[in-house]
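Descriptive analysis of the structure
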Amino acid sequence: MRLRDAVIRRPAVVALLLCNMLLAPGVTALWLNLPASGTKCVSEEIQPNVVVLADYAVVHEGPADGLPIISAKVTSPYGNTLHHKEHVTAGQFAFTTTEAGNYLACFWIDSGDKGVGASVSLDWKIGIAAKDWDSVAKKDKIEGVELELTKLEAAVQAIHANLLYLKSREAEMREVSERTNARVAWFSIMSLSVCIVVSMLQLWHLKGYFQKKKLI
């Protein structure tokens, strides 16, 4: 019976380990030390149609009444404001990306608390890491190995989509590089042609000048 239990449990352990390995890249936990004046920002390059969920909070070891007040702002690659809160000590933002590029989250201390710095913890989840798996399990009535396999399938699909996105970005960069190289080649040919024409005009002018002066 023990051997049979071990054989049955082994797939669950393997699925759990694989799922944790695949989910880990979508989770980012950061500790930001905000200066007394100025802004501290973090960015993440994300492809379109990806769910983003983040929680942030001021970390303070002193008394609760001395908790620093901060402001937070999240912008898209094209500068659209996705989240903006002022005079807070904690908050959360969630959105689905519509643009590919770097999404920027900035934090700063409000004007009333500029004397000292502050620390902010940021828990940033992207893609399947931001999915509420408890709700999925209750809705689909799955648990255990089946739930872990569902997570694993979602992680594989996310990785496949990310690879396709990277492939398309590589194709775009290659196309831009080829266009740039073609333009540089044409510019070099045009520059060389202009130099040759100018040299010929100079020789023609000098020849006419010397003939006019009867030097040749």
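Residues numbered from 1 in each chain as written. Predicted model: local features only at pLDDT ≥ 70, side-chain atom pairs only at ≥ 80, totals over all residues. Heavy atoms only, no water.

**Here's the deal with the pattern of salt bridges**
Taken as a whole and assessed by the stated rule, the structure comprises 2 salt bridges. A salt bridge links Glu45 to Arg169; the nearest nitrogen and oxygen atoms lie 3.0 Å apart. Of this pair, Glu45 sits in strand 2 (residues 39-46) while Arg169 sits in helix 3 (residues 145-212), and the two are 124 residues apart along the sequence. The partner of Arg179 in a salt bridge is Glu175, and the shortest N-O contact between them spans 3.1 Å. On the criterion of helical spacing, the pair formed by Arg179 and Glu175 is a turn pair, its members being 4 residues apart in helix 3. Residue class for Arg179 comes out partly exposed when judged on its relative accessible area of 41%. We classify Glu175 as partly exposed; its relative accessible area is 45%. (Salt bridge = Lys/Arg side-chain N within 4 Å of Asp/Glu carboxyl O. Helix = DSSP H or I, 4+ residues; strand = E, 2+ residues; numbered from the N terminus. Buried < 20%, exposed > 50% of the residue type's maximum accessible area, 1.4 Å probe, protein only.)

**So, the sheet that holds strand 4 (residues 70-75)**
With respect to topology, 4 strands assemble into an open sheet ordered 2-7-4-5, the strand pairing being antiparallel. Of all strands in the sheet, those with a lone pairing partner are strand 2 and strand 5 (81-88), marking the two edges. For this sheet, the mean angle separating the axes of adjacent strands, direction not counted, is 10°. (Pairing = 2+ DSSP bridges. Axes fitted to C-alpha atoms, helices over the stretch in contact; angles between N-to-C directions.)

**Considering a nonpolar patch on the surface**
Taken together, the side chains of Leu206, Tyr209, Phe210 and Leu215 present a nonpolar region at the surface, about 380 Å² in accessible area. Structurally, Leu215 can be placed in the segment after helix 3. On the accessibility criterion, Leu215 (58% relative accessible area) is exposed. (Patch = residues over 30% accessible without salt bridge, like charges linked within 9 Å, V, L, I, M, F, W, Y side chains within 5 Å. Areas by Shrake-Rupley, 256 points an atom, 1.4 Å probe, with all protein chains shown as cover.)

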